[in-house]
Amino acid sequence: MSYYVQLLLNGLFIGLLYALIAVGFVMIYKASDVINFAQGEFVMFAAYVVAACLQLYDWPLWAAILVGLAAMVLLGLLIELSVLRYLIGRPIVAMIMATIGMAAFLRGFAPLLWGIESKQLQLPLPEEPFFIGDLTLAPTQIFAALLALACIVAVGWLFVRSRIGVALRAIADDQQVAMAMGIDVKRYFALSWALAGVIALAGGIVWGNMLGVDIQLALVGLKVFPVVILGGLDSIQGAILGGLIVGITESLAAGFVDPLVGGGTKDFTPYVLMIIVLMIKPFGLFGKETIERV
Amino acid sequence: MINRESGTFKRTYAQDMALYRAPLARYTMIALAALGFAVFPWWASDYALNLANLIAIACLGAIGLNLLTGYCGQISIGHAAFMSVGAYSAAVLSLKFGVPWWLAMPAAGGVSALVGIVIGIPSLRIKGLYLAISTLAAQLIIEWTINHVSWISGGTQASLYVGKPSLFGFALKTNLQMYYFILVVLVAGTVFAMNLLRTELGRSFVAVRDRDIAAEIIGVDIFRTKLTAFAISSFYAGIAGVLYTYYYGMASYEAFTLNISIEFLAMIIIGGLGSILGSIFGAFFVTLLPIFLERGLQMIGAGLFGLRDQNLVATSSSLKVMIFGALIMFFLVVEPDGLNKLWNNVKDYFKVWPFPYE
């Protein structure tokens, strides 16, 4: 019995981390209708910056995080100002391709600066796992979950309560009307990219800590798609719920199906789940359904 | 370039629909064919032939993707997966069932087309972004399946060794022989695609792309059109996959990863969406770019910065990826209609040369 509970628990924790990355993704989609295929590379780049500061330059953790913050905000702004601003109103494939190009760029840029070999991103956490009954919990898991929760709550607060959030929601609803009400849409696009950079930094720290930092880290970006499709592309709570569902499905599949087929189902079940959801409920659990009129 | 259009009047629909609409086009085509079939292979080195083969296969794949994405407007991020289906079908057919290549090749294309239809079914309900993501899922699922089902992939390395095709008892062994083989397939594929676009089906592709609801109202069966586009596109992909398999002598799933799908998308975007010629330009560009970049960068790195061995390889491969990404973004911002548009600009300039109107 405790084996299953442990599986569920692992799934929940990993799901929170997926949700953390997905929130950054949803943020950009909501504001500017851009699907960000470079989300994983964002996370990787952030982890690279922090790990390089820690390991190569021997800086204290707070300095590394501050540098990471500055780098990610700058990166987000740069992308928006130099590329995506010019693609507004272009076909979807152009947008997708631009972010894929960005992804390739980052995948070359980070190792060019800091080397291709894997780095460690160590956080000052205790080594000993916690025990609750039969269940074990690693301190990194707990820290990661707390950080993810904090970020998600902060983003939720930002969207619902703050002035920025109101503006972002207005833009998501109708860009022209938002402009007419005096919202500087372009500025908020840039802002949403910068914010996504900040969320990617949080993702980079936890994922980099768990998996080590090299270009393989960018692969977590692929897991975002099942999460956001499940939850609905433009919904923050959807991203959270989707993340949890994907995390749990993955963990259960690894626990139950892997022994039967010989491993690897973890990378595969989320996509099957996603295709099923796409067929039944294309806009996800909480996504806004668009009705097309001629 | 010397394709003067002034003075050629089209008096019938047939003339307007013709493949060669200007009288000189016919001769340009003959010249191109002579270049491709006689001059180039006679003059080229073995290495150049190798590149030419890779480009030709990429052209075929890019034309297939352009039919689906450029003409029918259905974004696919799973093109390499369709290629892998073709490659492995041909390999399994010839290894397990002893089917000869001339039967295995179209059969593999057919299997690809079937898989393409299945993947295309969601396009009934979803479009745009959502469809793109579902093809991404298809790519990952197919990749996983081939990698994990040992009946298809034959065990651990997931690579199957396949013999070269043979013609009248002669096995096509050298690069030169394979070059002719691939070129013939490519020409057939190109001519088929160009003709397809002049038919009712080709027109309905474009109608669905431009406004699917309007297309439905004027009587285009959207679902059937989309599925046919998926089938034809994955047939092309399957054949390209088979050609890779014959060319390398083995089917390996590493040749058909997500990155390859993205490269094909890059080809049709850099070359020009919705243009056959553009697909060919794009295939040239995307296949040759990394090779030249790598060579150039290694020369510069060794000469200017004194990098050696491992350092040199790591730096140049990172730079290569970086420049590739930057170029994609550059093209999207600066020349969204791709190389084909540049080519058309040149042609338009020379149309009235040396006496422009202005």
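Residues numbered from 1 in each chain as written. Chains lettered and ligands numbered in written order. Predicted model: local features only at pLDDT ≥ 70, side-chain atom pairs only at ≥ 80, totals over all residues.

1. Some thoughts on the overall build of chain A
Phase 1 of the analysis: Assigned secondary structure in chain A consists of twelve helices and two strands.
Phase 2 of the analysis: For chain A, the N- to C-terminal ordering of α and β elements is α-α-α-α-β-β-α-α-α-α-α-α-α-α.
Phase 3 of the analysis: Taking 19 Å as the expected radius of gyration for a compact globule of 294 residues, we find that chain A reaches 19 Å, a close match to that expectation.
Phase 4 of the analysis: Overall, the C-alpha framework of chain A stretches about 60 × 50 × 35 Å when taken along its three principal axes.
Phase 5 of the analysis: Split into buried and exposed, the 294 residues of chain A put 51% on the buried side.
Phase 6 of the analysis: Considering only residue pairs separated by 6 or more positions, chain A has 76% of its internal contacts joining residues 24 or more positions apart. (Helix = DSSP H or I, 4+ residues; strand = E, 2+ residues; numbered from the N terminus. Rg over C-alpha atoms; globule rule 2.2 N^0.38 Å. Buried ≥ 20, exposed ≤ 12 C-beta atoms within 10 Å, placed from the backbone. Contact = placed C-beta atoms within 7 Å.)

2. With respect to the overall build of chain B
Phase 1 of the analysis: Scanning chain B for helices and strands turns up 15 helices and four strands.
Phase 2 of the analysis: Taken against the 2.2 N^0.38 rule, which gives 21 Å for 358 residues, the C-alpha radius of gyration of chain B at 21 Å falls within 12% of a compact globule.
Phase 3 of the analysis: Across its three principal axes, chain B shows a C-alpha extent of roughly 65 × 55 × 45 Å.
Phase 4 of the analysis: Here chain B holds 358 residues, and the buried ones make up 45% of them.
Phase 5 of the analysis: Counted over contacts in chain B with a minimum sequence separation of 6, partners at least 24 positions apart contribute 72%.

3. Concerning helix α6 (residues 163-173) of chain A
Residue and element names in this part refer to chain A.
Phase 1 of the analysis: For α6, every residue scored as buried is listed here: Ala-167, Leu-168 and Ile-171. One side of α6 holds all its buried residues, which, seen down the axis, span an arc of 100°.
Phase 2 of the analysis: Where α6 is buried, its residues touch α1 (2-32), α5 (139-161), α7 (175-180) and α8 (185-211). (Arc of directions from axis to C-beta.)

4. Structural notes on the interface of chain B and chain A
Phase 1 of the analysis: Facing 37 residues of chain B, the contacting portion of chain A comprises 37 residues.
Phase 2 of the analysis: At the level of secondary structure, the elements contributing two or more residues to the side of chain B that touches chain A comprise α6 (129-148), α10 (212-217), α12 (258-271) and α14 (309-334) of chain B.
Phase 3 of the analysis: Among the elements that line the side of chain B that touches chain A, the one with the most residues is α14 of chain B, at 14 residues.
Phase 4 of the analysis: Grouping the constituent residues of the side of chain B that touches chain A by class yields 28 nonpolar, seven polar and two charged. (Nonpolar A, V, L, I, M, F, W, Y, C, P; charged D, E, K, R; others polar.)

5. Some remarks on the confidence of the model for chain B
Phase 1 of the analysis: The predicted model of chain B averages 86 in pLDDT, with 94% of residues at 70 or higher.
Phase 2 of the analysis: Here the prediction assigns the complex a pTM of 0.90, and the interface score ipTM is 0.86. (pLDDT = per-residue confidence, 0-100.)

6. Thoughts on α6 of chain B
Phase 1 of the analysis: The terminal C-alpha atoms of α6 of chain B lie 29 Å apart, and with 20 residues this matches the ideal 28 Å at 1.5 Å per residue to within 8%.
Phase 2 of the analysis: Burial within α6 of chain B is extensive, with 15 of its 20 residues counted as buried. (Expected span 1.5 Å × (residues − 1).)

7. What about unusual backbone geometry?
All names here are of chain A.
Phase 1 of the analysis: Backbone geometry places Asp-33, a non-glycine residue, at a positive phi of 60°.
Phase 2 of the analysis: Its place among the elements puts Asp-33 in the loop between α1 and α2 (39-56).
Phase 3 of the analysis: Unusually for a residue other than glycine, Asp-58 sits at a positive phi of about 60°.
Phase 4 of the analysis: One can find Asp-58 in the loop between α2 and α3 (61-82).
Phase 5 of the analysis: Residue classification places Asp-58 among the exposed residues on the basis of 8 C-beta atoms within 10 Å.

8. What to know about the environment of Thr-199 of chain B
Phase 1 of the analysis: Within the fold, Thr-199 of chain B resides in the loop between α8 (175-196) and α9 (200-210).
Phase 2 of the analysis: Put simply, Thr-199 of chain B and Ala-33 of chain B are 166 residues apart on the chain and 25 Å apart in space, counted from C-alpha to C-alpha.

9. Quick notes on the nonpolar core
Phase 1 of the analysis: Judged by nonpolar contacts, the single largest core of 205 residues is most densely connected at Ala-19, Leu-20, Ala-22, Val-23, Ala-47 and Ile-199 of chain A.
Phase 2 of the analysis: Of all the elements, α1 of chain A adds the most residues to this core, at 16 residues. (Core = buried A, V, L, I, M, F, W, Y, C linked by C-beta atoms within 7 Å.)

10. So, the environment of Gly-278 of chain B
All names here are of chain B.
Phase 1 of the analysis: Among the structural elements, Gly-278 can be located in helix α13 (residues 276-304).
Phase 2 of the analysis: Separated by 43 residues in the primary sequence, Gly-278 and Phe-235 place their C-alpha atoms 20 Å from one another.
Phase 3 of the analysis: Apart from the residues lying within four places of it in its own chain, the contact partners of Gly-278 are Ile-268, Gly-271, Gly-272, Gly-338, Leu-339 and Asn-340.

11. What about the packing of helix α5 (residues 101-120) of chain B against helix α11 (residues 222-248) of chain B?
Residues and elements named next belong to chain B.
Phase 1 of the analysis: For the pair α5 and α11, interaxial distance at closest approach is 7 Å and the crossing angle is 140°. Considered as vectors, α5 and α11 are oriented oblique to each other. Here the hand of the crossing between α5 and α11 comes out right-handed. Listed contacts from α11 to Met-105, Ala-108, Gly-109, Val-111, Ser-112, Ala-113, Val-115, Gly-116, Ile-117, Ile-119 and Gly-120 of α5 are Lys-226, Leu-227, Phe-230, Ala-231, Ser-233, Ser-234, Phe-235, Ala-237, Gly-238, Ile-239 and Val-242.
Phase 2 of the analysis: Across the contact of α5 with α11, the residue classes tally to 14 nonpolar, seven polar and one charged. (Axes fitted to C-alpha atoms, helices over the stretch in contact; angles between N-to-C directions. Parallel < 35°, antiparallel > 145°, perpendicular 65-115°, else oblique. Left-handed = near helix turned anticlockwise from the far one by under 90°.)

12. What about the packing of α1 of chain A against α5 of chain A?
Residue and element names in this part refer to chain A.
Phase 1 of the analysis: One way to put it is that α1 packs onto α5 with a least axis distance of 9 Å and a crossing angle of 30°. Judged on the interaxial angle alone, α5 and α1 are roughly parallel. Note on packing geometry: the crossing formed by α1 with α5 is left-handed. Within the contact between the two elements, α1 uses Phe-13, Leu-16, Leu-17, Ala-19, Leu-20, Val-23 and Met-27 and α5 uses Gln-141, Ala-144, Ala-145, Ala-148, Leu-149, Cys-151, Ile-152 and Val-155.
Phase 2 of the analysis: By residue class, the composition of the contact of α1 with α5 is 14 nonpolar, one polar and no charged.

13. Re the confidence of the model for chain A
Phase 1 of the analysis: Of all residues in chain A, 99% attain a pLDDT of 70 or more, and the chain-wide mean is 86.
Phase 2 of the analysis: Per-element confidence in chain A is highest for α3 of chain A, whose mean pLDDT is 92, and lowest for helix α11 (residues 258-261) of chain A, whose mean pLDDT is 73.

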